[in-house]
Every structure is written in structure tokens, then in C-alpha cells.
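So the chains spell out like this:
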Amino acid sequence: MAPSDGSDYDPGFDTSQPTIARVYDALLGGKDNFAADREGAALYLKYVPDAGRCAIENREALVRGVHYLVRTAGIDQFLDIGSGLPTQKNTHQAAQEINPDAKAAYVDNDPIVLAHGRALLATNNSTIVVTADLREPQSILDNEEIRNHLDFSRPIALMVVGLHMHFHDDEKPDEWVRTIMDALAPGSYLFITDFVDTGEPLQKQMERAGLESLGNGWIRTPERITQHFLGMPLVPPGLDFLARWFPEDPDADVPAADDLAAYQRILMAGLAKKA
Ligand code: SAM
């Protein structure tokens, strides 16, 4: 399927409104997006000129998190919710660089992810892609494809990367994640990145871009983001800006937060372990 702005082309989706997955794809320089998505991405770039770098650094943090989970924590199963469109290096590819037998179940509520995930599936039978919604966590847990693919009696890494910002606190996203974490074996992990609010104008600009283009994309205080981890202990270095988050080397010579570019202080990452 090729993306198109043309009126004679029917991709099988409503392309008149931007979607989170396709706007993010546009910001990452992907090709699976349409005119409305590119307009949404342009709005992000207007308010946060380095928004594309934010997306790239988010992916880089995801890869570092997966590498830690496979190499150091011995995880070989991933449940990646809000996985997004396939991009350069996805969770299973990062995992299989270290353990070729690692498995991933990708979940996204945007049907374009399933459509494009099929291409990924054809080359790799250790992944599945499912259309489901984090807001209905039990439907994810009950999904037969996921149940058949992942072994819930063994630890699983739950990836909720770049997703919380799309839900308002009033929706209580932590409760959806709790339902899933409760069903995972001891020794499982929860990896999250989210937009942070430490009082900087560019963080507010990121929120404004999201609200104007997608109707969501809220920023949160670090204290509030910490609550996403449901009281589970965080792996060092704890919750930190993406460019300072190196779980395989928490003592790495990372730049001081004040020395980061302002765009590098828009997202934070954290990884927690279930006892
Ligand atoms: N996790 C990837 C990453 O960090 O690179 C993609 C992040 S992208 C910003 C957020 C993704 O979450 C999009 O693909 C979007 O379709 C998906 N999403 C949004 N709401 C969702 C929901 N309620 N359930 C599942 N996925 C959702």
C-alpha cells in the first residue's frame, strides 16, 4: 500500500484526519502518512523545531531499554502497546540483536499499524501485530493471538512507550496499565516514556502542538510520571531525560540536565521491575 493524497486512491482508512501513529511516522521521516498527518507534523515542527529529534531520541531510548532488558535482565518476551508503525529498528529487532529467539507482540489501536505490520510478520514469525486498545486492557489480556504467542507464566516486558501523553489524567491511564501488569509474572518489567513538565516553555509548546493537531499530548510533572510505574522500583538511573537514560551504564558520563538542548528536556524514560 502506498500513501497518497490523491482522491482516486482508497487506502482503506480515513485519511482526512491526522492520527497519532501517522503523525509520529511523519516526524520520524517515514512514508506511511497522508496530507493531514503531514500538516499535523508541520504544526509540531512549528512549535518545536526539533520535534523530529525528540521522536528519534525516543526510539533510541526504546532500543537501549530493550537491549538492557534482553542482555542484563534476561527478558525474551515483549508486549509493546502503542507500538506505532514499523520504523528503522523495532522492539523485536533490537531484542533479536542479542537473543534471536526473543518474541514480540505488537498492539496498536490504529489499523494502519496492523496493515503495515503484516509486511514485518512475513519476514519474522517471532512477532505478531494485533489491533487492540489500551483503554480496554482486559481485551488485550484475553486476546487469543497474544495468549498463544507470549507465555504469561514467564516474565514479559510491557512497553508503553510514547503513549501516556495521549491520555488525559482524568482517563486514569495508570489503571489500564495496572490491569496488564497484574496479569504478568513476577520479574516482568514496565518501560515508559512520557512528555514531562518541569516548567520549561518548550515543553508547553510540545503540548500545544499536540492539542492543536491531535487533540491530545499532555505534559506531566516528573512526580506524576513516577506514578505511572505503580509503586514498582525503578532500574537505575531511574526516571530521567532520554539523553541521560542509560540503564546498561547508569554511571555513564551523561550530560548534566542543564547542558541538554531544550528539546532534549521534553521526554523522560523509566523502567520498573515487578517483584
Ligand atoms: N511506541 C512507539 C514509540 O515510542 O516509538 C510509538 C509511539 S506513537 C507516539 C503512539 C502510538 O500509540 C501510536 O501508534 C498510536 O496509534 C498508538 N495508540 C494511541 N492510542 C492508543 C490506544 N488507546 N491503544 C493502543 N495504541 C494506541
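Everything in this summary refers to the structure shown in the same document. Worth saying up front: this structure is predicted, and the values here are computed from it rather than measured. (Residues numbered from 1 in each chain as written. Predicted model: local features only at pLDDT ≥ 70, side-chain atom pairs only at ≥ 80, totals over all residues. Heavy atoms only, no water.)

A look at the overall build of the protein
Which entries qualify depends on this criterion: Put simply, DSSP H or I for four residues or longer makes a helix, DSSP E for two residues or longer makes a strand, and each gets a number counted from the N terminus. Only the C-alpha atoms count toward the radius of gyration. The rule for a globule is 2.2 Å times the residue count to the power 0.38. Partly exposed residues are those whose accessible area sits between 20% and 50% of the maximum for their type, while under 20% is buried and over 50% is exposed, using a 1.4 Å probe and protein chains only. What makes two residues a contact is simply this: any of their non-hydrogen atoms within 4.5 Å. Residue burial considers only the protein chains on display, and all accessible areas are found by Shrake-Rupley using a 1.4 Å probe.
Counting secondary structure elements, the protein contains 10 helices and seven strands. The C-alpha atoms of the protein give a radius of gyration of 18 Å, which matches the 19 Å a tight globule of 275 residues would have. Along the three orthogonal principal directions, the C-alpha set of the protein runs to about 50 × 45 × 35 Å. Buried residues in the protein amount to 55% of all 275 residues. For the protein, long-range pairs separated by at least 24 residues make up 71% of all intrachain contacts whose partners lie at least 6 apart in sequence. Carbon and sulfur atoms make up 49% of the accessible area of the protein, which amounts to about 11,800 Å² in all.

Quick look at helix α8 (residues 173–182)
Selection rule: In this context, the arc is that of the directions from the helix axis out to the C-beta atoms.
Listing the buried residues of α8 in full gives Pro173, Asp174, Trp176, Val177, Ile180 and Met181. The buried side chains of α8 occupy one side of the element, clustering within an arc of 160° when seen end-on. Here the buried face of α8 lies against β1 (77–81), α6 (137–142), β4 (157–161), β5 (189–195) and α10 (222–227).

Description of the site of the ligand
For the record, the criterion: Whether a residue is near a molecule or strand is decided by its heavy atoms; if any one of them lies within 4 Å of it, the residue is near. Under this definition, polar contacts are N or O atom pairs within 3.5 Å; protein pairs additionally need one hydrogen-donor-capable and one acceptor-capable atom, and for neighbouring residues in sequence, both atoms have to be side-chain atoms. Cavities and pockets were defined on a 1 Å grid built over protein atoms only: a cavity is a set of grid points that admits a 1.4 Å probe from which the probe cannot escape, a pocket is an open set flanked by protein on both sides within 12 Å along at least five of seven lines, and lining residues are those with an atom within 4 Å of any such point. In this description, a molecule resides in a pocket or cavity if more than half of its atoms sit within 2 Å of the grid points defining it.
The local shell around the ligand holds 20 residues, among which Tyr24, Arg59, Gly82, Asp108 and Asp133 are the closest. The contact in question runs from an oxygen atom of the ligand to an N or O atom on the side chain of Asn58, over 2.8 Å. In isolation the ligand has 600 Å² of accessible area, and contact with the protein removes 96% of it. Among the cavities detected, the one that contains the ligand is the largest pocket. Elements with a minimum of two residues in the shell around the ligand: α1 (20–27) and α3 (51–72). With three residues, α1 is the largest single contributor of residues to the shell around the ligand.

Remarks on the pattern of salt bridges
Rule in force here: Salt bridges are identified by distance alone: a Lys or Arg side-chain nitrogen within 4 Å of an Asp or Glu carboxyl oxygen.
Taken as a whole and judged by the stated rule, the model has 16 salt bridges. Across the salt bridge formed by Glu200 and Arg265, the nearest N and O atoms sit 2.6 Å from each other. Here Glu200, found in the loop between β5 and α9 (201–213), pairs with Arg265, found in the loop between β6 (240–241) and β7 (267–273); they are 65 residues apart in sequence, far enough to count as distant. The buried category is assigned to Arg265, whose relative accessible area is 13%. The salt bridge involving Glu212 is made with Arg208; its shortest N-O contact spans 3.2 Å. Note that Glu212 and Arg208 are positioned in helix α9 at a spacing of four residues, about one turn of the helix. With a relative accessible area of 41%, Arg208 lands in the partly exposed category.

Regarding unusual backbone geometry
Of note, the amide linkage connecting Pro236 to Pro237 takes the cis form, showing an omega dihedral of 10°. Within the element layout of this structure, Pro237 appears in the loop between α10 and β6. The phi dihedral of Lys172 falls on the positive side, at around 55°, and the residue is not glycine. Here Lys172 shows up in the loop between β4 and α8.

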